[in-house]
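# Secondary and tertiary structure notes
What follows is the residue order along each chain.
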Amino acid sequence: MEDDRIELFVGLIETIDAPGALDACRRVLSVDERLRADRFMFERHRRQYIFAHAMLRLALSRVAPDVGPSDWSFAAGRYGRPFVAAPTTSTPLHFSLSHADGCVACVVSAHETVGVDVETVSRRGAPLSTALRFFAPEEVETLRELPEPAAIERFFDYWTLKEAYLKARGFGLNLPLDAFAMQVSREAIEISFKPDIADDPHGWRFSLCSPSPSHRLAIADGSRATGGLPITRNAWPLQEAAE
């Protein structure tokens, strides 16, 4: 990478699903990825999988232009986190991939401890009952104190931030969501841990954004870089798929 930063790529399906786009993206996938895509029961899930995994390949090749999108291969770590298995690049690249109904997103960085999560914001659910099951007590208390519209928004802040952190750590769901708590204010986003969790809260930086009115996206940066890594948001990298 030219400099030390997080490259963020986001695509809204309704925007990127132009004529020919799906076929162009499918062509850069591996045989295994195509077979997995074909096993989805619903067409919308199949399209989302193809766009998400093509985006990842295109994003990696945007950062490392000497490697073609179809030339990347991946493997999974101890807790199932995927990583670049080949080819070897001058600066090792790490990534995190996420997709929710209608939105795909990934980040690429030279740092392993970076994660992204995107979720569809539903205003019809009962977030407090979900929070009671999964969240830390202080997060539940904050949600109880907020009026409903704000509580729903804060619930999805917490959810995406927690998922982004778990992805950055590479734990999947092997670390309970109530083992750490998020604190969100206009000034900062911070994290705290139960005493038995071996992590330094000061080593993390977080950011939130809304790719659309119905999506929430969070990035967790555990690089320990002073002030956190700068984040560059990139347009949907479809041109490479059509070439």
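In every chain, residue numbers begin from 1 and rise along the written sequence. Where local features are concerned, this predicted model is filtered to residues with pLDDT of at least 70; where side-chain atom pairs are given and counted, the filter is 80 or more; whole-chain, interface and lining totals use all residues. Hydrogen atoms and water are omitted, and side-chain values are computed over all heavy atoms in the structure.

### Structural notes on the pairing of strand β3 (residues 82-86)
At least two bridges found by DSSP between two strands are what make those strands a pair. A helix here means a DSSP run of H or I that spans at least four residues, while a strand means a run of E at least two residues long, and both kinds are numbered starting from the N terminus. Both strand β2 (residues 73-76) and β3 contribute to a ladder of four bridges, which runs antiparallel. The partner of Ala76 across the bridge, within β3, is Pro82. Where β2 folds back onto β3 in an antiparallel hairpin, the turn is made up of five residues, including Gly80, whose phi is positive at roughly 90°.

### Comments concerning unusual backbone geometry
For the bond running from Ala86 to Pro87, omega is -5°, close enough to zero to count as cis. In this structure, Pro87 sits in the loop between β3 and β4 (94-100).

### A short note on the sheet that holds strand β11 (residues 231-234)
Pairing in this open sheet of four strands is mixed, and the strands run β4-β5-β1-β11 from one edge to the other. The open sheet has two free edges, formed respectively by β4 and β11, since each of these has just one partner strand. Ignoring strand direction, the axes of neighbouring strands in this sheet form an average angle of 20°. Here a residue-residue contact requires only that any non-hydrogen atoms of the pair lie within 4.5 Å. What counts as an axis is a line fitted to C-alpha atoms, over the stretch in contact for a helix, and the angles between N-to-C directions run from 0 to 180 degrees. Against the sheet, helix α4 (residues 43-63) makes contact with β1 (6-12), β4, β5 (103-109) and β11, and its axis sits at roughly 25° relative to β5, the strand it touches most.

### Overview of the sheet that holds strand β6 (residues 114-120)
What the three strands build is an open sheet, ordered β6-β10-β9; its pairing is antiparallel. Looking at strand neighbours, the two that pair on one side only are β6 and β9 (205-212), the edges of this open sheet. Strand-to-strand, the axes of this sheet are offset by a mean angle of 20°, without reference to chain direction. Contacts from helix α7 (residues 148-169) reach β6, β9 and β10 (215-221), with the element oriented near 145° to β6.

### With respect to the packing of aromatic side chains
Ring pairs are drawn from Phe, Tyr and Trp, using the six-membered ring of Trp, whenever the two centres fall within 6.5 Å, and their geometry is named by plane angle: stacked under 30 degrees, edge-to-face over 60, tilted for the rest. Under the definition given, this model contains 14 aromatic pairs. Pairing Phe135 with Tyr158 gives two aromatic rings, centres 6.1 Å apart and planes at 80°, and the pair type is edge-to-face. Taken as a pair, Phe135 in the loop between α5 (127-134) and α6 (137-145) and Tyr158 in helix α7 lie far apart in primary sequence, 23 residues in all. Each ring, one from Phe155 and one from Phe156, has its centre 5.1 Å from the other, and the planes form 90°; the classification is edge-to-face. The residues Phe155 and Phe156 share a single accessibility class, namely buried. Three or more aromatic residues joined by ring pairs form one cluster here, namely Phe134, Phe135, Phe155, Phe156, Tyr158 and Trp159. Counting as a charge over the ring demands two things of the Lys NZ or Arg CZ atom: a distance within 6 Å of the ring centre and an angle within 35 degrees of the ring normal. It is Lys162 that lies over the ring of Phe135; its NZ or CZ is 5.4 Å from the centre. One cation-aromatic arrangement involves Lys162 over Phe180; the distance from NZ or CZ to the ring centre is 4.3 Å. Accessible area is worked out with a 1.4 Å probe on protein chains only. A residue is then buried under 20% of its type maximum, exposed over 50%, and partly exposed in between.

### Some words on the layout of surface pockets
In this model, the largest pocket occupies a volume close to 760 Å³. Looking at the largest pocket, it is lined by 32 residues, and the ones nearest its centre are Arg36, His53, Gly80, Pro82 and Leu97. Mapped onto the lining of the largest pocket, the elements with two or more residues apiece are α3 (31-38), α4, β2, β4, β6 and α7. At six residues, the largest contribution of residues to the lining of the largest pocket is made by α4. Among the residues forming the lining of the largest pocket, the class breakdown is 13 nonpolar, 11 polar and eight charged. Computed over the protein atoms alone on a 1 Å grid, cavities are sets of points where a 1.4 Å probe fits but cannot get out and pockets are open sets with protein on both sides within 12 Å along at least five of seven lines; a residue lines them when it has an atom within 4 Å of a point. Grid points are joined across faces, edges and corners, and a volume is the space filled by probe spheres set on the points. Volume-wise, the second largest pocket comes out at about 370 Å³. Along the wall of the second largest pocket there are 21 residues; nearest its centre are Phe83, Val84, Leu93, His94 and Glu112. Within the residue set of the lining of the second largest pocket, elements represented by two or more residues are β3, β4 and α7. Examining the composition of the lining of the second largest pocket, we find that four residues originate from one element, β3, more than from any other. Gly is placed with the polar residues, together with every amino acid not listed as nonpolar (Ala, Val, Leu, Ile, Met, Phe, Trp, Tyr, Cys and Pro) or charged (Asp, Glu, Lys and Arg). Partitioned by chemical class, the residues of the lining of the second largest pocket number 11 nonpolar, six polar and four charged.

### What about the pattern of salt bridges?
By definition here, a salt bridge exists when the distance from a side-chain nitrogen of Lys or Arg to a carboxyl oxygen of Asp or Glu is within 4 Å. Scanning all chains against the criterion turns up 12 salt bridges. Across the pair Arg57 and Glu33 runs a salt bridge whose closest N-O atoms are separated by 2.9 Å. Here the residue Arg57 occupies a position in helix α4, and Glu33 occupies one in helix α3, the gap between them amounting to 24 residues. Overall, Arg57 belongs to the buried group, its relative accessible area being 1%. Between Arg44 and Asp101 there is a salt bridge, with its nearest N and O atoms 3.2 Å apart. Here the residue Arg44 occupies a position in helix α4, and Asp101 occupies one in the loop between β4 and β5, the gap between them amounting to 57 residues. Salt bridges sharing partners connect three or more residues here, namely Asp17, Glu43, Arg46 and Arg47.

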